[in-house]
Number of protein chains: 2
Amino acid sequence: MKRHPLDPFKHDLVEIENHLRRSLECEHPLIQEVAQYIITSGGKRIRPVLTVACSRLYGGDRDKAYALSVVPEYLHAASLLHDDVVDEGELRRGKPPAYRVWGNRVTILSGDYLYARAIEIATTFGSPEIDSVIARTVQLMAEGEIIQLVQSKDPSLDRKTYYAVVERKTGALIAASCAIGALVAGAREEEADALWSFGASLGKAFQIVDDCLDYIAEEEEFGKGIGTDLKEKKITLPLIHCFEAGGERASKIMDILNKERVEDEDVGLVTTLISESGALKSAYEEARAHIDSALEALRTAPSSPTRDHLEAISRYILERRR
Amino acid sequence: MKRHPLDPFKHDLVEIENHLRRSLECEHPLIQEVAQYIITSGGKRIRPVLTVACSRLYGGDRDKAYALSVVPEYLHAASLLHDDVVDEGELRRGKPPAYRVWGNRVTILSGDYLYARAIEIATTFGSPEIDSVIARTVQLMAEGEIIQLVQSKDPSLDRKTYYAVVERKTGALIAASCAIGALVAGAREEEADALWSFGASLGKAFQIVDDCLDYIAEEEEFGKGIGTDLKEKKITLPLIHCFEAGGERASKIMDILNKERVEDEDVGLVTTLISESGALKSAYEEARAHIDSALEALRTAPSSPTRDHLEAISRYILERRR
């Protein structure tokens, strides 16, 4: 049986879970409840694993790396809390989103608390470089959210805007997860910068594959869950490739996006059009190019089993099916 | 004519305004628009003035102090944006609050952006101490908001909870404004700690006076604007003093708070009861004690005209009428 690329980090994942739980033992029970709800809603912990692995690349102290690794996971959780309020999402990993359980007020303030707590934990390492990476990242995430809110449903959305959102919303935090791992291990600034580039490319590839999977029906799932972005009229890279190619397919898709509501049968039609146009293939090629850039940046780090494991994680991004 | 205690900072206020405007020249026009709206809605800039003054106490560089002074003002603005969404406020300094103009989504995300931008500006000074003060402050502010949301409308709210909210929501940011001023000037940690205490006491006094003024009708205003807290069933120190004294007055007020809606005539009755009970006088005495503590902490700083001006600002808090 093929190993999952996260298998070599099994022991780390246990430690990460412990730290995630323990760092949440804060004063107010309500904050703890909301935070636990979102934190334990079953993420893959890819961000903390990257922090721990990138620290190990440079011989960093394990416990320090674990303690720091909760920072990107809390920032991620905080952004999910605010995203759900903003996007009025219906389900988050199969559970009702926090705002449906506690209401907007508590959810907004718990998100604020998690952002603040993450930044506060980061500052306990006394490293202006780490503080600066985290501060810049939170700013990029907020920018990305706003650009997305304003423009992502506009069918004239272009590749430049798509990447502006992806780089800020997904890329920056994955890049930061890697860079702070290197920094806490005492790596030099240019080494941390290279790992930022590694994570940034990884993040772009990850998001593109995610956007492609929304148009790929899994047979065993009977096409369940596909077309979510399309129904929300979210313009992602597969659609942008179609629009760039122009022609009849592009106008058909544009007509559907201009309808009041995108129906289930529209999803089927658009999926076929995208598939025929070769847009999915082109988007995957673009993702593969980002993985190549990621691996190139990763190779600046000293060779080690951990570097091999990070390579495996990178390649796996192109293979995953959900 | 009596001088206003901010008069000696007139020149600084001009510089502060310039810096507030310039630091907002960010990428996305919408963020800029919302940020400008809240930043230019007419605050007294007391927080940036404290940063600049506390830096001057320790001979700090003017330009560095001005650049840093925008941080507490942005944090304040960010918290106002989120507060208004959470409290569904109707007017903010006479203007409709941002969420009424741009909606909840844009307002939440602009608040996130302003928090992030403030923290990012703070990190440009490369001081782990400043980073840590700011991170801790943002966390305290979020905690204070949540404690307030959950408990402040509970008539059994006690002095301990009242102070837990005031210290976090108002006190922490005023304390931080002072402490970072000292830190950017190169003051020692215990000197910065003393100015944190100065600001924390100042903040408590400021909030108590604010809460008292809500029960004091200005003749020339024909009682306009009083009873706002009471109508929102917000339990503040004057009410807590009444409840602590017990007796018939306390039960009458409790009956009014247990009504579905607090009417205008109830405000008149409660104002009279509070005034008769001596609760306002006791609350003012409590504020005066905090100002005494503030002045004691301030005296650890070297004697200078700036220290005198800060003393004058502190005393003025007890005199202000709106």
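From a predicted model like this one, the values you see are computed outputs, not experimental measurements.

Below, the discussion takes up the overall build of chain A. Of the regular secondary structure elements, chain A holds 14 helices and 0 strands. Moving toward the C terminus, one meets the helices and strands of chain A in the order α-α-α-α-α-α-α-α-α-α-α-α-α-α. Here the C-alpha radius of gyration of chain A, 20 Å, is about what a compact globule of 322 residues would show, namely 20 Å. Projected onto its principal axes, the C-alpha coordinates of chain A cover approximately 55 × 45 × 40 Å. Evaluated residue by residue, chain A yields a buried proportion of 59% over its 322 residues. Taking the contacts inside chain A whose residues are at least 6 apart along the sequence as the reference set, 74% of them involve residues at least 24 apart.

Counting 233 residues, the largest nonpolar core has F198 and L239 of chain A together with F198 and L239 of chain B as the members making the most contacts within it. Leaving out residues up to four positions away in the same chain, L239 of chain B has contacts with Y215, L230, K234, I253, L257, V270 and I274 of chain B.

Below, the discussion takes up the relation of the copies chain A and chain B. Screw-axis analysis of chain A against chain B gives a translation of 0.0 Å along the axis, an RMSD of 0.0 Å, and a rotation angle of 180 degrees. What we have between these two chains is a two-fold relation. Across chain A, the smallest distance between a C-alpha and the rotation axis is recorded for P128 of chain A, namely 2.7 Å. Of the interface residues in chain A, 100% have counterparts in chain B that sit at the interface too, so the contact is made through matching surfaces.

The next point concerns unusual backbone geometry. Notably, K233 of chain A is not glycine yet its phi reads approximately 55 degrees, a positive angle. Among the secondary structure elements, K233 of chain A is positioned in the loop between α9 (228–231) and α10 (237–245).

Here we come to the interface of chain A and chain B. Contacts between the two partners involve 40 residues from chain A and, on the opposite side, 40 residues from chain B. Interface area for chain A against chain B, summed over the two sides, is near 3500 Å², with a carbon-plus-sulfur share of 71%. Considering only the surface of chain A that becomes buried against chain B, R105, L109 and I146 of chain A emerge as the three largest contributors, covering 18% of it. On the surface where chain A and chain B come into contact, there are 0 salt bridges. Along the contact surface separating chain A from chain B lie 4 residue pairs in polar contact (both at pLDDT 80 or more).

All names here are of chain A. Scanning the model with the defined rule gives 42 salt bridges over all chains in all. Between R117 and E120 there is a salt bridge, with its nearest N and O atoms 2.6 Å apart. Taken together, the positions of R117 and E120, both in helix α5 (residues 98–123) and 3 residues apart, correspond to about one turn of that helix. One salt bridge in this structure joins E286 and R159, with 2.6 Å as the shortest N-O distance. With E286 in helix α13 (residues 279–298) and R159 in helix α7 (residues 159–184), the pair connects residues that are 127 residues apart, well separated along the chain. Via salt bridges that share partners, E17, R45 and E73 belong to a single interconnected network.

All names here are of chain A. If you walk through the whole model with that rule in mind, you get 4 aromatic pairs over all chains. A ring pair is formed by Y37 and W102, whose centres lie 5.1 Å apart and whose planes are at 85 degrees; its orientation type is edge-to-face. With Y37 in helix α2 (residues 29–39) and W102 in helix α5, this pair connects stretches of sequence that are 65 residues apart. Judged by its relative accessible area of 18%, Y37 is buried.

We now examine the side chain of S314 of chain B. Residue and element names in this part refer to chain B. Topologically, S314 is positioned in helix α14 (residues 305–316). For S314, a relative accessible area of 0% translates into the label buried. Excluding its chain neighbours within four sequence positions, the residues that come into contact with S314 are F198, L202, I291 and L295.

This part takes up the packing of helix α4 (residues 62–87) of chain A against α7 of chain A. Residues and elements named next belong to chain A. Their axes nearest at 9 Å, the elements α4 and α7 cross at an angle of 165 degrees. Here α4 lies roughly antiparallel to α7, going by the angle between them. Helix-helix and strand crossings are classified by hand; for α4 and α7 the assignment is right-handed. On α7, the residues touching K64, L68, P72, L75, H76 and D83 of α4 are K169, L173, S177, I180 and V184.

Residues and elements named next belong to chain B. Examined against the element boundaries, L75 turns out to sit in helix α4 (residues 62–87). Exposure remark for L75: the relative accessible area of 0% places this residue in the buried category. As a C-alpha pair, L75 and G181 span 106 residues in sequence and 15 Å in three-dimensional space. Sequence-distant contacts of L75, defined by excluding residues within four places in its chain, comprise Y115, A118, I134, V138, M141 and L173.

On to the packing of α2 of chain A against α4 of chain A, then. Residue and element names in this part refer to chain A. The N-to-C vectors of α2 and α4 enclose an angle of 100 degrees; their axes lie 10 Å apart at closest approach. It follows that α2 is roughly perpendicular to α4 by the angle criterion. Judged by residue contacts, V34, I38 and I39 of α2 engage E73, Y74, A77, L80 and L81 from α4. Across the contact of α2 with α4, the residue classes tally to 7 nonpolar, no polar and 1 charged.

Our focus in this paragraph is the confidence of the model for chain A. Residues and elements named next belong to chain A. The predicted model of chain A averages 90 in pLDDT, with 94% of residues at 70 or higher. Here α9 stands out as the element of chain A with the lowest mean pLDDT, 87, in contrast to helix α3 (residues 46–57), whose mean of 98 is the highest. Among the scores for the predicted complex, ipTM is 0.88 and pTM is 0.92.

Following the sequence through the fold, H28 of chain A ends up in the loop between α1 (10–22) and α2. Within the structure, the side chain of H28 of chain A is placed 3.1 Å from the backbone nitrogen of L30 of chain A, a separation counted as a polar contact. Residues contacting H28 of chain A, with those up to four places away along its chain left out, are I146, I147, V150 and Q151 of chain B.

This next bit is on the environment of S41 of chain B. Examined against the element boundaries, S41 of chain B turns out to sit in the loop between α2 (29–39) and α3 (46–57). Residues S41 of chain B and H4 of chain B, 37 residues apart in the sequence, show an inter-C-alpha distance of 21 Å.

Here we come to helix α13 (residues 279–298) of chain B. Residue and element names in this part refer to chain B. Spanning 20 residues, α13 covers 29 Å between terminal C-alpha atoms, matching the ideal 28 Å at 1.5 Å per step. The set of residues buried in α13 consists of A279, L280, A283, Y284, E286, A287, H290, I291, A294, L295, A297 and L298. Where α13 is buried, its residues contact α3, α7 (159–184), α8 (189–213), α10 (237–245), α12 (264–277) and α14.

Time to look at the state of the cysteines. Residue and element names in this part refer to chain B. A full pass over the atoms with the stated rule returns 0 disulfides over all chains. Take C178: it sits in no disulfide, and the sulfur closest to it among the cysteines is that of C54, at 4.0 Å. Residue class for C178 comes out buried when judged on its relative accessible area of 0%. Counting only cysteine sulfurs, C212 is the nearest neighbor of C242, a cysteine outside any disulfide, at a range of 11 Å. With a relative accessible area of 2%, C242 lands in the buried category.

Rules of the game
- Throughout, residues of each chain are indexed from 1 in the direction in which the sequence is written.
- Chain letters start at A and ligand numbers start at 1, both assigned in the order the entries are written.
- Note on the predicted model: pLDDT of at least 70 is required for a residue's local features to be given, and 80 or more for side-chain atom pairs to be given and counted; whole-chain, interface and lining totals, by contrast, use all residues.
- Only heavy atoms go into the side-chain values, all of them from the structure, while hydrogens and water stay out.
- Secondary structure follows DSSP: runs of H or I at least 4 residues long count as helices, runs of E at least 2 residues long count as strands, and numbering of each begins at the N terminus.
- Two things to know: the radius of gyration comes from C-alpha atoms, and the globule rule equals 2.2 Å times the number of residues to the power 0.38.
- Each residue gets one of three labels from its accessible area relative to the maximum for its type: buried under 20%, exposed over 50%, partly exposed in between, using a 1.4 Å probe on protein chains only.
- Contact definition: two residues touch when any of their heavy atoms are within 4.5 Å.
- We call a set of buried residues a nonpolar core when its members are Ala, Val, Leu, Ile, Met, Phe, Trp, Tyr or Cys and they connect through side-chain atoms within 4.5 Å of each other.
- Residues below a pLDDT of 70 in either copy are left out; the C-alpha atoms of the rest, at least 70 in both, set the least-squares superposition of the copies.
- Using a 1.4 Å probe, buried area is obtained as the accessible area two parts lose upon being combined, added over both of them.
- A pair is scored as a salt bridge if a Lys or Arg side-chain nitrogen falls within 4 Å of a carboxyl oxygen belonging to Asp or Glu.
- What qualifies as a polar contact is a pair of N or O atoms within 3.5 Å, subject to a donor-acceptor requirement within protein and to the restriction that residues adjacent in sequence count only when both atoms come from side chains.
- Aromatic rings from Phe, Tyr and Trp, taking only the six-membered ring of Trp, are treated as a pair when their centres fall within 6.5 Å; an angle between ring planes under 30 degrees marks them as stacked, one over 60 as edge-to-face, and anything in between as tilted.
- Helix axes are fitted to C-alpha atoms over the stretch in contact, other axes to C-alpha atoms as well, and angles between N-to-C directions run from 0 to 180 degrees.
- We call two directions roughly parallel when the angle between them is under 35 degrees, roughly antiparallel when it is over 145, roughly perpendicular when it lies between 65 and 115, and oblique otherwise.
- By convention the crossing between two helices is left-handed if the near helix lies anticlockwise of the far one by an angle smaller than a right angle, and right-handed if it lies clockwise.
- In the scheme used here, Gly and all other residues not listed as nonpolar or charged are polar, with Ala, Val, Leu, Ile, Met, Phe, Trp, Tyr, Cys and Pro taken as nonpolar and Asp, Glu, Lys and Arg as charged.
- Confidence of the predictor at the level of single residues is captured by pLDDT, which takes values from 0 to 100.
- Here, expected helix span is obtained from the residue count minus one, scaled by 1.5 Å.
- Any pair of cysteine sulfurs within 2.5 Å is marked as a disulfide.

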